[in-house]
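Summary of structural features
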Amino acid sequence: MKRPWLVPEARLPEAFPPAGPVDRVIVKHYPPHRLARVAADGAAGDGAFMHLFGHIRRGRIAMTAPVEMVWEERAQRPRSMAFVYAREQIGRPGPDPADGRVIVEDVAAGSVVSVGQRGGYGRRTLLRGLEKLRAWLVEHPEWVEAGAPRSLAYNSPFVPDVFKYSEVQIPVAPRDRPVAAPPAPPGGPADGPAGHAG
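Since the model is a prediction, treat every value here as computed from it, not as a measurement.

1. Details of the overall build of the protein chain
Secondary structure assignment for the protein chain yields 2 helices and 10 strands. Tracing the protein chain from N to C terminus, the helices and strands come up as β-β-α-β-β-β-β-β-α-β-β-β. Burial analysis of the protein chain (198 residues in total) assigns 51% to the buried set. Put simply, the protein chain shows about 10000 Å² of open surface, and 56% of that area lies on carbon and sulfur atoms.

2. Regarding helix α2 (residues 123-139)
Look at α2: 25 Å from first C-alpha to last across 17 residues, which is about the 24 Å you get at 1.5 Å a residue. Buried residues in α2 make contact with β1 (25-30), β3 (67-71), β7 (110-118), β8 (143-145), β9 (150-153) and β10 (165-174).

3. Notes on the nonpolar core
The biggest cluster of nonpolar side chains holds 30 residues, and the ones touching the most others in it are Leu 52, Met 81, Val 113, Leu 130, Leu 133 and Leu 137. Broken down by secondary-structure element, the contributors of at least two residues to this core are β2 (33-39), α1 (46-59), β3, β4 (78-84), β6 (99-107), β7, α2 and β10. Take this core: its biggest share by element is 5 residues, from α2. Beyond its immediate stretch of four places on either side in the chain, Leu 137 contacts Val 113, Trp 143, Glu 145, Ile 170 and Val 172. Judged by nonpolar contacts, the second largest core, of 10 residues, contains Tyr 30, Val 84, Leu 152 and Tyr 154.

4. Let's talk about a nonpolar patch on the surface
Judged by side-chain polarity, Trp 5, Val 162 and Phe 163 come together as a nonpolar surface patch covering roughly 350 Å² of accessible area. Checked against the element boundaries, Trp 5 lands in the segment before β1. Looking at Trp 5, the relative accessible area reads 52%, which means it is exposed.

5. A look at the side chain of Thr 125
Turning to its location among the elements, Thr 125 is positioned in helix α2. Overall, the relative accessible area of 8% leaves Thr 125 in the buried class. In this structure the side chain of Thr 125 is engaged in a polar contact, spanning 2.7 Å, whose partner is the backbone oxygen of Gly 120. Not counting chain neighbours up to four residues away, the residues in contact with Thr 125 comprise Gln 117, Gly 119, Gly 120, Ser 166 and Val 168.

6. Considerations on the pattern of salt bridges
Counted under the stated rule, the structure contains 10 salt bridges. Salt bridges linked by common partners bring Arg 37, Glu 68, Glu 105 and Arg 150 together as one network.

7. As for the packing of aromatic side chains
Tallied over the full model, the rule gives 5 aromatic pairs. For the pair Trp 5 and Phe 163, a centre-to-centre distance of 5.9 Å together with 70 degrees between the ring planes defines the contact as edge-to-face. Of the two residues, Trp 5 sits in the segment before β1 while Phe 163 sits in the loop between β9 and β10, which places them 158 residues apart along the sequence. Between the aromatic rings of Phe 49 and Phe 83, the centroid separation amounts to 5.6 Å while the plane-to-plane angle is 65 degrees, which identifies the pairing as edge-to-face. Of this pair, Phe 49 sits in helix α1 while Phe 83 sits in strand β4, and the two are 34 residues apart along the sequence. Judged by its relative accessible area of 14%, Phe 49 is buried.

8. Examining the pairing of β7
Counting buried positions along β7 yields 7 of 9 residues, so the element is predominantly enclosed. Pairing of β1 with β7 involves 6 bridges; the strand directions are antiparallel. When the sheet's bridge partners are listed, Val 27 is paired in β7 with Val 113. By the bridge criterion, 8 bridges tie β7 to β10 in an arrangement that is antiparallel. In the sheet register, Gly 116 faces β10, and the bridge partner there is Glu 167.

What counts, and at which threshold
Residues numbered from 1 in each chain as written. Predicted model: local features only at pLDDT ≥ 70, side-chain atom pairs only at ≥ 80, totals over all residues. Heavy atoms only, no water. Helix = DSSP H or I, 4+ residues; strand = E, 2+ residues; numbered from the N terminus. Buried < 20%, exposed > 50% of the residue type's maximum accessible area, 1.4 Å probe, protein only. Areas by Shrake-Rupley, 256 points an atom, 1.4 Å probe, with all protein chains shown as cover. Expected span 1.5 Å × (residues − 1). Contact = heavy atoms within 4.5 Å. Core = buried A, V, L, I, M, F, W, Y, C linked by side-chain atoms within 4.5 Å. Patch = residues over 30% accessible without salt bridge, like charges linked within 9 Å, V, L, I, M, F, W, Y side chains within 5 Å. Salt bridge = Lys/Arg side-chain N within 4 Å of Asp/Glu carboxyl O. Polar contact = N/O pair within 3.5 Å; in protein donor to acceptor, adjacent residues only side chain to side chain. Phe/Tyr/Trp six-rings, centres within 6.5 Å; stacked < 30°, edge-to-face > 60°. Pairing = 2+ DSSP bridges.

Given below as C-alpha cells:
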C-alpha cells in the first residue's frame with residue numbers, strides 16, 4: 001500500500017497504523033490507547049484545542065499526530081477533540097485537576113473504514129470523505145457502522161491547506177458480530193484534524 005506524502009511534524013502514537021492512501025478506502029485497526037478529550041465549543045474546535053494544548057504543556061506530554069475530531073452523527077459540527085498520548089502508560093484516566101474540561105480516557109482496540117484526504121480540516125472535507133466511505137460500505141455489507149464519524153488531522157494550521165493531510169473514518173464492526181453501543185464523547189447528544197497536529 002502506497003503511503004501518502006506528509007509534511008512531517010509529529011510522531012504517531014505507539015503501535016498506530018500509518019497514514020492511509022489518498023482517495024482510497026481501506027479498513028484500519030487501532031490498538032488500545034490513551035487520549036485526552038475535550039468537548040468542542042465551536043465550529044472549528046479552537047477553544048478545545050487550547051484546553052488540550054494547556055494539558056499536555058502542564059504535563060510535559062509530547063505532541064503526537066494525528067489529532068482526533070469526533071463529529072455529530074449528522075456531521076453538522078464537531079462533538080469533541082482529542083490528543084492521543086504517545087504510549088498507553090502515560091498519565092492516568094480521569095479529569096485534569098487543573099482543567100476539568102480535559103478528560104483522559106482509555107480507548108479499546110477497534111476497527112474503522114478510512115479514506116485519506118487533502119485539504120482543510122472543516123466540514124466540507126469531512127462530507128467528501130463520508131460520501132466515499134458510505135458508498136464503500138454499501139458495496140461491502142460484511143461491515144456495519146459502529147460509531148460516530150471522525151476525522152484525524154495530521155498537520156498544524158501552519159501547513160497550507162493544499163498540503164494538509166487527514167483521514168475521515170467511520171468505526172465499524174463485522175456484521176456477524178454484535179455491535180456494542182460506544183460511550184458518547186462529551187459535548188451533548190449526536191443530533192443536538194479542524195484538528196491540529198504539531
